[in-house]
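Remarks on the overall topology
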Amino acid sequence: MVLDVKYPILFLLILPVGFMLYLFYRKSHIQNKWEKNWITILRAIIFLLIIFALTVPQMLLPVKGENVIFLVDRSASMQGTEDKAVAWIGGSIQSKHKDDSYSIITIGKNAAMEQPLNRKETPIQQLSADIDEGETNLEEGIQLAASLIPENQKGRIVLFSDGNETAGNALEAARQLTGQHTVISYVPMQGKHGEDIALTEFNVPTSMYKGEKAELKVKMVSDTQKEATIRISLNNHEILKKKVTVKEGENLFTFSHIVKETGMYVYKAEVTTSDDTYLENNELYAVSNVSGTPKVLIVQDENDSALAKLLQSANVQVETTIPEKMPTVMTGYLPYQSIIFNNVPATTIGEQKMELIEKAVKDFGTGFIMTGGENSFGLGGYFKTPIEKILPVDMDIKGKKKLPSLGLVIVLDRSGSMGGQKLALAKEAAARSVELLRDEDTIGFIAFDDRPWEIVKTAPIKNKKNVMNKIRSVEAGGGTEIYTSLQLAYERLKPLKLQRKHIILLTDGQSSTNSSYQTLVEEGKKDNITISTVALGQDADRNLLEDISKYGAGRFYYVTDSTVIPSILSRETVMATRTYIEDNPFYPKVQPYPEWVKLFENGVPKMNAYIAVTPKSTAQVSILSKKDDPILAQWQYGLGQTAAFTSDTSGKWAGDFARWEGWSNFWSQLVTKTFPSYENVPYEINLKKENGDAKITLKSDKLDLLPLEAAVVSQEGKEMKVQTKMTAPGEYELNMEDKAGMYFLRLKQQTEDGSTKLYQTGFTVPYSDEYLQKGINKPFLKEISSITKGKKLTKESEAFAPIHKASFKKQPFGDRLLLIAFLLFFLEIAIRRFGLQKFLSLFPKKKERPHKEKEASTHVNQLIRTKDRSTRPMMEKQKEISVSPPQIKDRNNTKETQDSPSNEERLQRLMDAKKRRNR
């Protein structure tokens with residue numbers, strides 16, 4: 001047992017305390033010397049106890065047993081070694097003593113606990129913690145292992161690894177253990193090792209011009225000579241495929257490509273071969289900016305070519321696509337300076353694609369335009385979508401139109417197969433539809449499985465929030481029975497006196513019934529009830545649902561992407577009113593904005609129709625209808641310029657505009673206004689990995705001190721968290737998560753004159769070195785163990801071998817010292833208050849009887865015993881007298897008897913005297 005104090009320097013407080021007590025003893029006015037001595041001694045003890053408690057004293061009690069932490073590397077390079085490590089740990093535990101404790105931790109990019117510190121005899125049979133195998137971070141594993149070993153106790157960390165660290169600094173973590181009672185030992189292990197080819201470099205020019213011949217360089221390493229295929233793609237379109245012979249070691253291949261388009265080019269190089277150990281190291285990206293004629297992407301129906309011809313006649317490079325073939329990654333949108341949705345519904349696009357466009361507009365300045373038509377704006381289902389967010393108008397009509405009375409019943413499948421994302425999106429879509437309705441509209445919501453559940457009774461909306469909460473509360477469960485639920489919906493709508501009655505049916509299953517759906521729907525149609533149906537997934541009865549919508553004069557939707565459900569329901573809700581289309585011919589009013597006034601200086605053509613929308617508060621409305629609805633509205637969203645043209649481009653709605661001589665110039669001017677104003681990137685971009693982060697350095701020849709704003713977006717459209725700082729004049733550093741992949745970088749900088757410069761480029765974070773075959777790093781493992789005086793373990797029993805260091809358990813007792821000081825403090829107060837003599841007199845002593853009293857008491861006891869002895873013969877004698885004749889006594893004897901008191905009299909006197917004394 002050893003005594004230890006945490007803050008020994010506090011013992012120096014004894015000096016001022018001693019001086020203070022000396023002054024007290026000399027200056028005190030206490031007359032009683034004994035009293036002054038006692039008070040001084042008590043105060044000294046109290047102060048010593050308090051000072052001792054402040055030093056945090058603790059007893060170090062010896063602890064038996066060893067603490068062993070097994071640290072298992074489960075990164076990609078260690079694949080195939082888990083079973084071997086588990087078996088080794090199991091063998092080690094067989095040799096442990098009953099007082100030994102152990103824990104198991106696994107590491108990759110992160111560290112996780114497999115088994116906490118315990119004394120069990122049976123270890124786990126497999127490693128199952130969630131580990132990111134993309135990196136090897138031994139530092140984090142060592143830190144977690146060290147934290148499990150109790151303070152002042154000895155411990156051993158047994159590391160199972162190949163020693164190839166790709167993140168963190170394990171040597172620094174080991175150095176932090178040198179002052180503790182922990183050693184690091186290791187068991188070298190190597191993962192699967194086979195033939196492997198890895199791309200190490202892919203270089204293309206960072207900036208080019210249209211028509212230029214680009215040189216593409218691909219560098220790779222291989223551990224054997226073999227045949228391989230190299231593929232190079234541009235913006236997800238393959239431009240080169242070639243078979244090559246790869247020799248052992250480093251290989252360099254050079255290819256050429258003529259640049260035919262403008263914008264941001266994203267090249268991808270990929271190598272494939274047979275028997276390749278790692279696929280993760282087989283691809284790399286490179287980015288280049290190509291200057292030239294701006295390029296526009298038009299998303300439209302494949303039979304609509306009017307707008308494309310208009311722009312091509314204005315010397316704008318145009319590409320067209322249908323909604324279903326729109327790009328699904330950011331690479332597909334950044335090559336275009338502007339994107340146009342030409343009368344296409346949101347129900348065929350999906351949420352993910354719309355989110356990518358929103359990021360392209362906001363963070364990279366890509367332009368965006370939406371044109372009108374029967375499938376656009378509110379009629380297209382864009383309410384509360386990312387596209388509505390970027391446009392200068394809202395899809396619903398806010399208090400400007402007198403809408404017909406509407407009754408809407410949503411019939412939703414809540415069977416077990418609808419569980420998960422489908423049901424969640426369907427519920428959210430139904431709630432979103434309620435937002436589009438007015439308080440005086442009627443809403444009903446029926447959820448069904450093997451029977452109908454009327455969640456919201458069909459009635460006018462009184463509390464939208466309450467209705468939406470009820471809809472969102474539905475949970476999945478049960479089978480599928482459609483007919484009775486649909487019948488209930490018709491029963492609820494038939495008696496209502498409303499101008500429009502509509503049912504929306506959503507299901508992903510099939511339902512058999514002997515009743516006729518056609519009869520039900522056609523009877524409802526007589527009561528002015530229409531119905532649209534949505535088939536969710538391949539298991540839905542498409543034929544039945546399509547027939548129901550045809551009988552009910554509605555629309556049928558077949559959905560494979562569940563993210564379009566909200567757009568479908570919002571579109572159906574809007575179309576049920578049929579009032580968003582304004583189809584009375586009129587002459588638009590052009591507002592006094594110079595760029596448009598000049599274009600219409602010879603007059604404004606007549607227009608036939610448009611879709612009613614509501615302009616946002618900061619939008620610039622350049623052209624209005626006679627009802628002051630927006631025909632053309634513009635604004636800036638993030639870095640991008642967007643516009644809404646609420647009429648069409650074919651001429652059906654645009655009327656005389658389509659025959660107007662300035663029609664081509666109108667579109668050329670509108671599209672050009674949405675183009676971003678990017679400049680060539682003046683920075684040299686380099687990337688390196690450091691401590692699990694990707695560090696991007698930007699270096700410019702100009703030594704300016706202007707702040708730089710950066711945004712980084714991944715291929716999937718996810719905005720990355722980036723920390724930007726200036727490291728020197730003209731030099732900047734960006735830090736982000738080290739995650740392999742292609743990223744797009746947008747830079748924004750304010751100049752000294754207040755103008756803004758925009759730069760757009762991209763970079764790639766290469767795969768981790770974890771996917772390179774390096775073998776066992778023996779020098780590293782030896783170094784990390786030698787820092788803590790550990791060693792390589794060759795036998796399983798060595799894991800629990802005694803560690804020649806003392807191990808203690810701390811037992812603090814400062815609180816007890818404070819309690820004693822507290823009690824002595826009150827004792828000192830009592831002595832000062834009452835004085836020493838009076839204080840002692842407060843505790844009464846046990847009183848002793850006087851000597852005479854003791855004698856009298858003894859004498860009384862003797863007399864009592866004598867009486868007992870003398871009484872017994874007298875009683876016997878009296879018995880004899882009572883039976884014998886009386887005798888005459890001697891006169892002298894009689895007198896003597898009368899003069900001397902009897903024993904009884906003496907006893908009585910003594911007892912009376914005793915009573916008087918006691919009183």
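You'll find the structure just up there.
Residues numbered from 1 in each chain as written. Predicted model: local features only at pLDDT ≥ 70, side-chain atom pairs only at ≥ 80, totals over all residues. Heavy atoms only, no water.

Time to look at unusual backbone geometry. Look at Asn-235: it is not a glycine, yet its phi comes out positive at around 50 degrees. With respect to the secondary-structure elements, Asn-235 resides in the loop between β11 (226-234) and β12 (237-246). The class for Asn-235 is buried, based on a relative accessible area of 12%. (Helix = DSSP H or I, 4+ residues; strand = E, 2+ residues; numbered from the N terminus. Buried < 20%, exposed > 50% of the residue type's maximum accessible area, 1.4 Å probe, protein only.)

What follows is about helix α1 (residues 14-27). Between its first and last C-alpha, α1 extends 20 Å over 14 residues, near the 20 Å set by a 1.5 Å rise per residue. Regarding α1, the residues found buried are Val-17, Leu-21 and Phe-24. Angularly, the buried residues of α1 cover 55 degrees about the axis, an arc narrow enough to put them on a single face. Residues of α1 that are exposed and angled more than 90 degrees away from the buried face: Leu-15, Phe-19, Arg-26 and Lys-27. (Expected span 1.5 Å × (residues − 1). Arc of directions from axis to C-beta.)

The subject of this paragraph is the nonpolar core. Counting residues in each nonpolar core, the largest one holds 53 residues, and the members touching the most others are Phe-341, Ile-357, Phe-368, Phe-377, Tyr-382, Ile-387 and Leu-391. Ignoring anything within four residues of it in the chain, the contact list for Phe-341 reads Val-299, Met-326, Ile-349, Ile-357, Phe-368, Ile-369, Met-370, Thr-371, Tyr-382 and Ile-387. Counting residues in each nonpolar core, the second largest holds 33 residues, with Ala-430, Leu-437, Leu-506 and Tyr-557 among its members. (Core = buried A, V, L, I, M, F, W, Y, C linked by side-chain atoms within 4.5 Å. Contact = heavy atoms within 4.5 Å.)

Its location among the elements puts Ser-103 in strand β4 (residues 101-107). A polar contact of 2.5 Å, which involves the side chain of Ser-103, links it to the backbone oxygen of Gln-115. Not counting chain neighbours up to four residues away, the residues in contact with Ser-103 comprise Val-68, Ile-69, Phe-70, Met-113, Gln-115, Pro-116, Leu-117 and Leu-148. (Polar contact = N/O pair within 3.5 Å; in protein donor to acceptor, adjacent residues only side chain to side chain.)

Strands pair in a sheet through their backbones, by hydrogen bonds, and they do so in one of two ways: parallel or antiparallel. With respect to topology, 8 strands assemble into an open sheet ordered β17-β16-β18-β19-β33-β32-β31-β28, the strand pairing being mixed. Only two strands of the sheet have a single partner each, and these edge strands are β17 (317-321) and β28 (589-590). (Pairing = 2+ DSSP bridges.)

What follows deals with the packing of helix α9 (residues 421-436) against helix α14 (residues 565-575). Interaxial distance between α9 and α14 falls to 8 Å at its minimum, and their mutual angle equals 30 degrees. Between α9 and α14, the crossing angle belongs to the class labelled roughly parallel. At the point where α9 passes α14, the crossing takes the right-handed sense. Mapping the contact onto sequence places Lys-422, Leu-425, Ala-426, Ala-429, Ala-430, Arg-432, Ser-433 and Leu-436 in α9 and Ile-565, Pro-566, Leu-569, Ser-570, Thr-573 and Val-574 in α14. (Axes fitted to C-alpha atoms, helices over the stretch in contact; angles between N-to-C directions. Parallel < 35°, antiparallel > 145°, perpendicular 65-115°, else oblique. Left-handed = near helix turned anticlockwise from the far one by under 90°.)

This part takes up the pattern of salt bridges. For side chains bearing opposite charge, pairing can occur when the charged atoms are close. Tallied over the entire structure, the rule returns 34 salt bridges. Where Glu-440 meets Arg-438, a salt bridge forms, and the shortest distance between an N and an O atom there is 3.5 Å. By relative accessible area, which is 52% here, Glu-440 ends up exposed. On the basis of relative accessibility, which here comes to 22%, the residue Arg-438 falls in the partly exposed class. For the salt bridge of Glu-523 with Lys-526, the shortest nitrogen-to-oxygen distance reads 3.3 Å. (Salt bridge = Lys/Arg side-chain N within 4 Å of Asp/Glu carboxyl O.)

In this description, a pair of aromatic rings is defined by centroid distance and the angle of the planes. Inspection of every chain in the model, using the stated rule, returns 32 aromatic pairs. On the numbers, 5.4 Å between centres and 75 degrees between planes, the contact of Trp-88 with Phe-160 is edge-to-face. Here Phe-160 lies in strand β6 (residues 155-161) and Trp-88 lies in helix α3 (residues 82-93), a separation of 72 residues in the sequence. When its relative accessible area of 10% is taken as the criterion, Trp-88 is described as buried. (Phe/Tyr/Trp six-rings, centres within 6.5 Å; stacked < 30°, edge-to-face > 60°.)

What follows covers the environment of Val-456. Mapped onto the fold, Val-456 is located in strand β23 (residues 452-460). Each C-alpha atom of the pair Val-456 and Ile-410 lies 9.7 Å from the other, and the pair is 46 residues apart in sequence. Ignoring anything within four residues of it in the chain, the contact list for Val-456 reads Ile-443, Gly-444, Phe-445, Val-467, Lys-470 and Ile-471.

Ordered in space as β5-β4-β3-β6-β7, the 5 strands form an open sheet in which the pairing is mixed. Taken across any chain shown, the strands that pair with only one partner, and hence form the sheet edges, are β5 (111-118) and β7 (182-188). The mean inter-strand angle of the sheet, taken between neighbouring strand axes irrespective of direction, is 15 degrees. Where strand β3 (residues 67-73) lies against β4, 7 bridges are found, and the strand directions are parallel. Within the sheet, the bridge partner assigned to Phe-70 lies in β4 and is Ile-104. Relative to β7, helix α17 (residues 778-787) is tilted by about 160 degrees, and along the sheet it contacts β6 and β7.

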